[in-house]
Structure formats: C-alpha cells, structure tokens
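Analysis of the macromolecular model
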Amino acid sequence: MSTFALGWHFEAGIQFVRLILGGVFDRHPNLQVILGHWGELVLFYLERLVMLDRVSKLQRPFLDYFRNNLYLTASGMFSPAYLRQAIDAVGVDRILFSTDYPYQYRPGGDARRFVEDLELDAADKEKFAHANWERLTAGRFLA
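Residues numbered from 1 in each chain as written. Predicted model: local features only at pLDDT ≥ 70, side-chain atom pairs only at ≥ 80, totals over all residues. Heavy atoms only, no water.

Within the fold, Asp100 resides in the loop between β3 (95-96) and α7 (110-117). By relative accessible area, which is 16% here, Asp100 ends up buried. Taking the C-alpha atoms as reference points, Asp100 and Lys127, 27 residues apart in sequence, are found 19 Å from one another. Beyond its immediate chain neighbours, meaning those up to four positions away, Asp100 contacts His37, Ser75, Gly76 and Tyr105. Among the polar contacts made by the side chain of Asp100, one reaches the side chain of His37 at a distance of 2.9 Å. (Helix = DSSP H or I, 4+ residues; strand = E, 2+ residues; numbered from the N terminus. Buried < 20%, exposed > 50% of the residue type's maximum accessible area, 1.4 Å probe, protein only. Contact = heavy atoms within 4.5 Å. Polar contact = N/O pair within 3.5 Å; in protein donor to acceptor, adjacent residues only side chain to side chain.)

Shown next as structure tokens:
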C-alpha cells in the first residue's frame, strides 16, 4: 500500500491536512507546500475537509489554507478533468506541470501532448507549463 499506486498519496495528503490543523500556516503564513498528483487526494475530499471549520480552532477557513499555501502538480497524471478540478479549487496560478518519472513514465510524447492539447488559452498553458514555477522559485535558488 505504501507505494506509488495509492498508499503514498493518502499519507502525503494527510500530512498536509495535519500541517493545517496543527497551525503551521498560522505561524508561518508565507510557507508554501507543493503536493503532487493533483493534491494527493486532498483535492477530492475538499467538500468534507472544509467541514473541519466547525470543530477546529484555525485562524482562517480550511479552504483558505488550501488556496493560499498550496501548489498542485500533475505528477504524470495527465487528466484534463483533474486539471479542471485543480484550477477550480486553487486557481490557474497555483498549478504546476510535472511528470512522475520513473513511476508514471510513458514514452511517445504523452507529457508534451497533454499540455499542447489542453483546453486552456495560451497564457494559462504557459502558467501551467513553466511560468508558475518560475514565479514561485524566483530568487530562491542561488548558484
């Protein structure tokens, strides 16, 4: 279960939820986390997770942490439906293209074709393909 097939994704997603509930982003509001595989299942449980607002003592609504402290990557899961859901949840400025080599490697140009065939305008494709990453990491890595 703790492989790239399923277990890893649940565990990584749970750790992000624990960071939120533990108040890490309240103490470090500028901290940014990148979750692969369209949010390691957290994206697909948002409807339930926002209900934690009723019992948590967070400074902000759960969804606010998701939208302001998280970037989502494709990680080789080339699904236009998942991309649309990610954009709906966090916005086009917080999604990053990535592959999952060697786990999800498929020869034949799948990655390039996925980006080229997306039903996004040129500016949003550019954001997804590289511009969001460049903005996120600008000045953070020095040679």
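Here the narrative resumes.
A few words on the sheet that holds strand β1 (residues 33-35). Across the sheet, which stays open at both edges, the three strands sit in the order β1-β2-β3 with parallel pairing between neighbours. The strands lining the two open edges of the sheet, one partner per strand, are β1 and β3. Summarising the sheet, strand β2 (residues 70-73) and β3 pair through two bridges and their orientation is parallel. If you follow Leu72 over to β3, its bridge partner there is Ile95. (Pairing = 2+ DSSP bridges.)

The next subject is the packing of aromatic side chains. This model, assessed by the stated rule, comprises nine aromatic pairs. Consider the rings of Phe25 and Tyr65, whose centres lie 6.4 Å apart with planes at 40°: the pair is tilted. Of this pair, Phe25 sits in helix α2 (residues 24-27) while Tyr65 sits in helix α5 (residues 62-68), and the two are 40 residues apart along the sequence. Tyr65 matches Phe25 in its accessibility class, with the two residues each being buried. (Phe/Tyr/Trp six-rings, centres within 6.5 Å; stacked < 30°, edge-to-face > 60°.)

A cluster of nonpolar residues, Leu6, Phe10, Ile14, Phe44, Tyr45 and Tyr82, forms a patch on the protein surface that exposes about 520 Å² of accessible area. Topologically, Phe10 is positioned in helix α1 (residues 7-21). (Patch = residues over 30% accessible without salt bridge, like charges linked within 9 Å, V, L, I, M, F, W, Y side chains within 5 Å. Areas by Shrake-Rupley, 256 points an atom, 1.4 Å probe, with all protein chains shown as cover. Salt bridge = Lys/Arg side-chain N within 4 Å of Asp/Glu carboxyl O.)

This part covers unusual backbone geometry. One non-glycine residue, His37, adopts positive backbone phi at about 50°. When you line up the elements, His37 lands in helix α3 (residues 37-40). Non-glycine residue Trp38 carries a positive phi angle of around 60°.

Before going further, it helps to examine the nonpolar core. Within the largest apolar cluster, 30 residues are counted, with the highest numbers of intra-cluster contacts made by Phe66, Ile95 and Phe128. Contributions of two or more residues to this core are made by α1, β1, α4 (46-49), α5, β2, α6 (80-90) and α7. No other element matches α6, which puts five residues into this core. Excluding residues that lie within four positions of it along the chain, Phe128 makes contacts with Trp38, Ala74, Leu83, Ile95, Leu96, Phe97, Phe114, Val115 and Leu118. (Core = buried A, V, L, I, M, F, W, Y, C linked by side-chain atoms within 4.5 Å.)

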